[in-house]
Amino acid sequence: MINEAAARKLDSEDILAHVRERFVIPEGTIYLDGNSLGLLTYAAQERVSKTVSEEWGQDLITSWNAHQWIDLPLRVGDRIGKLVGATAGQVACCDSISVNLTKALVAALSVQNARGERRHKVLSTVDNFPTDLYMVQGLQDLLGKGNCELKLVEEKSLSSELNDDVAVLLVTEVNFRTGRRLPIAELTRLAHDNNILVIVDLAHSAGAMPVCLDEWQVDFAVGCTYKYLNGGPGAPAFVYAAERHHANIKQPLRGWMGHAQPFAFTNDYEPAAGIRQFLAGTPPVIAMVAVEGALTAFDQVDLKDVRDKSLRLARLFHDLLHDAGLTQMLQCIAPEQEAQRGSQLAYAFDHAYGLCQALIERGVIADFRAPNYIRFGFTPLYTSYHEIWLAVQIIRDVIATEDHLDARWQQRNAVT
Ligand SMILES: *Cc1c(COP(=O)(O)O)cnc(C)c1O
């Protein structure tokens, strides 16, 4: 059984412990929700403040050149690329996952068309993140089922459904509810054996574990920067397109920023070469410098160490809950095998919403996901082992005092 001193000892031996100093940590808060919105970094705070006061405030429009605002989407994209195993020129930082996914889906279908393939099925999983499925449904309505048709299967049947009917496999590496991690390298290999293109959503992977897009031969990927990359609320997302596809892509959202010569102002669209063709409109400069600043938190950090610590934090959390006799009441829904887990643990519990609210009131921030799950995210850059120990003491206390049953938690907030 691990006691407080033992938890502190783990922190003293933690090679990532110093990285915590790069983050603004609110007093009295144990933040186990970095999988929804990462903490603010000092670097992002400084970058935003300088950009607003000096670059916008003083240099105004000259900043597009003088401070290279115009290069932000691809410069930040390359930086994200390093964290997801992509060499330069294949990642752009722009828009949201939802919008980037639409671009990637149509691009993938257009590559299949260019190959002369008459396939239109998009295969995904029943419990994929809803926005991903909504975007495919929207395209299905727009293009007609004969050109784009969503087919949903259980995660475990994915590999047996990869046949020559399928145009695109669309999967999220780490399931947002259960935390199950899919074997992307293996699925990509199987998909390619059947000439299927692969789009991966990295929302819960980027910044949480090593990702090897180039090595795995993934075709397209999307991800967000406000979760484990700490880019800030509503920070722009990213899109990856493997270089081998760049010449054959038709990207449907043809904005001027993706034009070969945006400032020629010609009437006819001509796509820029490379990943730039994925840009649509003007980049949100302030949000993008926040992302650029935040990414410095990963300087000299090895994602293998991040993954290692993430699994250790989760293991400690679950073992402590078990020692406290709470794992009967809170049913862990994560896979047994650690290799199949992301960087979170979710538990089914009838009073998950009340528990979550009672914990927030005591400074432990977790989140609730319908219908009855409480999720705890582990963010190795700033979460300490001692915090995990404390969090479990507080959970035990809430349950012992039945605070989670309080009448105040009968009404749900707009954002859960
Ligand atoms: C958080 C998340 C999103 C969010 O999409 P946005 O359009 O950027 O809001 C999409 N997919 C998954 C798997 C997510 O976890």
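Summarised in this report is the structure supplied together with it.

Here's the deal with the overall build of the protein
At step 1: Looking only at helices and strands, the protein has 12 helices and 13 strands in total.
At step 2: Over its C-alpha atoms the protein spans a radius of gyration of 22 Å, differing by no more than 12% from the 22 Å that the globule rule assigns to 416 residues.
At step 3: Its C-alpha atoms give the protein principal-axis dimensions of roughly 65 × 55 × 40 Å.
At step 4: A separation of at least 24 residues holds for 73% of the contacts in the protein among residues at least 6 apart in sequence.
At step 5: Only carbon and sulfur atoms are counted for the fraction: they give 50% of the accessible area of the protein, which is about 18,200 Å².

Considerations on the site of the ligand
At step 1: The full set of residues close to the ligand is Ser-96, Ile-97, Ser-98, Phe-129, Thr-131, Asp-132, Thr-172, Asp-201, Ala-203, His-204, Tyr-226 and Lys-227.
At step 2: The separation between a nitrogen atom of the ligand and a polar side-chain atom of Asp-201 is 2.8 Å.
At step 3: The fraction of the free accessible surface of the ligand (390 Å²) that becomes covered by protein chains is 87%.
At step 4: For the shell around the ligand, a count of residues per class yields 4 nonpolar, 5 polar and 3 charged.

Describing the sheet that holds strand 13 (residues 373-377)
The strands making up a sheet associate through backbone hydrogen bonding, with each pair oriented either parallel or antiparallel.
At step 1: Read from one edge to the other, the open sheet built from 4 strands follows the order 9-10-13-12, with strand pairing classed as antiparallel. Across the chains shown, the open sheet's two edge strands, defined by having one partner strand only, are strand 9 (331-332) and strand 12 (367-369).
At step 2: Both strand 12 and strand 13 contribute to a ladder of 3 bridges, which runs antiparallel. Bridge pairing links Arg-369 to Tyr-373 in strand 13.
At step 3: Across the face of the sheet, helix 11 (residues 352-361) comes into contact with strand 12 and strand 13 while running at roughly 40° to strand 13.

A closer look at the sheet that holds strand 8 (residues 238-241)
At step 1: Spatially, 2-8-7-6-5-3-4 is the arrangement adopted by the 7 strands of the open sheet, whose pairing is mixed. Strands at the two margins of the open sheet, each flanked by one partner only, are strand 2 (91-93) and strand 4 (149-153). Each adjacent strand pair in this sheet contributes to an overall mean axis angle of 20°, direction not counted.
At step 2: Across 4 bridges, strand 7 (residues 220-223) lies against strand 8 in antiparallel orientation. Directly across from Gly-223, in strand 8, lies its bridge partner Phe-238.

Some remarks on the side chain of Asn-35
At step 1: Relative to the assigned elements, Asn-35 resides in the loop between strand 1 (30-31) and helix 2 (42-59).
At step 2: Residue class for Asn-35 comes out buried when judged on its relative accessible area of 0%.
At step 3: Only 3.5 Å separates the side chain of Asn-35 from the side chain of Gln-344, close enough to count as a polar contact.
At step 4: With residues up to four places along the chain from it excluded, the contact list for Asn-35 reads His-204, Lys-227, Tyr-228, Gln-344, Arg-375, Gly-377 and Thr-379.

Structural notes on the nonpolar core
At step 1: Core analysis: the largest hydrophobic core is formed by 57 residues, its most contacted members being Leu-169, Leu-202 and Leu-381.
At step 2: Once you skip the residues sitting within four places of it in the chain, Leu-169 turns out to touch Leu-123, Leu-158, Leu-162, Leu-187, Ala-191, Ile-196, Leu-197, Val-198 and Ile-199.
At step 3: Of all hydrophobic cores here, the second largest spans 36 residues; its members include Ile-30, Cys-356, Val-364 and Val-392.

Description of the pattern of salt bridges
When the charged atoms of two side chains with opposite charge come close together, those side chains can pair.
At step 1: Across all of its chains, the model carries 23 salt bridges by this definition.
At step 2: We note a salt bridge from Asp-299 to Arg-79, for which the minimum N-O separation is 3.0 Å. Of this pair, Asp-299 sits in the loop between helix 9 (285-295) and helix 10 (303-323) while Arg-79 is found in helix 4 (residues 72-83), placing the two residues 220 residues apart along the sequence.
At step 3: One salt bridge connects Asp-219 with Arg-244, and the closest N-O pair in it is separated by 3.1 Å. Within this pair, whereas Asp-219 is found in the loop between helix 8 (213-216) and strand 7, its partner Arg-244 is found in the loop between strand 8 and helix 9, the two being separated by 25 residues in sequence.

Describing helix 10
At step 1: For helix 10, built from 21 residues, the straight-helix expectation of 30 Å at 1.5 Å per residue is met to within 8% by its first-to-last C-alpha distance of 30 Å.
At step 2: Within the span of helix 10, buried status applies to Leu-303, Val-306, Arg-307, Lys-309, Ser-310, Leu-311, Leu-313, Ala-314, Leu-316, Phe-317, Leu-320 and Leu-321.
At step 3: Tucked inside the fold, the buried residues of helix 10 contact helix 1 (4-12), helix 4, strand 10 (344-348), strand 13 and helix 12 (385-401).
At step 4: Within two residues after helix 10, Gly-325 carries a phi angle of roughly 75°, on the positive side.

What to know about unusual backbone geometry
Most peptide bonds adopt trans geometry, and most residues besides glycine take a negative phi value.
At step 1: With omega at 0°, the peptide bond leading from Ala-370 into Pro-371 counts as cis.
At step 2: Here Pro-371 lies in the loop between strand 12 and strand 13.
At step 3: The phi dihedral of Phe-265 falls on the positive side, at around 50°, and the residue is not glycine.
At step 4: Within the secondary structure layout, Phe-265 lies in the loop between strand 8 and helix 9.
At step 5: Phi at Glu-402 takes a positive value of approximately 55°, unusual for a residue other than glycine.
At step 6: Looking at where Glu-402 falls in the secondary structure, it is placed in the segment after helix 12.

Definitions and limits used
Residues numbered from 1 in each chain as written. Predicted model: local features only at pLDDT ≥ 70, side-chain atom pairs only at ≥ 80, totals over all residues. Heavy atoms only, no water. Helix = DSSP H or I, 4+ residues; strand = E, 2+ residues; numbered from the N terminus. Rg over C-alpha atoms; globule rule 2.2 N^0.38 Å. Contact = heavy atoms within 4.5 Å. Areas by Shrake-Rupley, 256 points an atom, 1.4 Å probe, with all protein chains shown as cover. Near = heavy atom within 4 Å. Polar contact = N/O pair within 3.5 Å; in protein donor to acceptor, adjacent residues only side chain to side chain. Nonpolar A, V, L, I, M, F, W, Y, C, P; charged D, E, K, R; others polar. Pairing = 2+ DSSP bridges. Axes fitted to C-alpha atoms, helices over the stretch in contact; angles between N-to-C directions. Buried < 20%, exposed > 50% of the residue type's maximum accessible area, 1.4 Å probe, protein only. Core = buried A, V, L, I, M, F, W, Y, C linked by side-chain atoms within 4.5 Å. Salt bridge = Lys/Arg side-chain N within 4 Å of Asp/Glu carboxyl O. Expected span 1.5 Å × (residues − 1).

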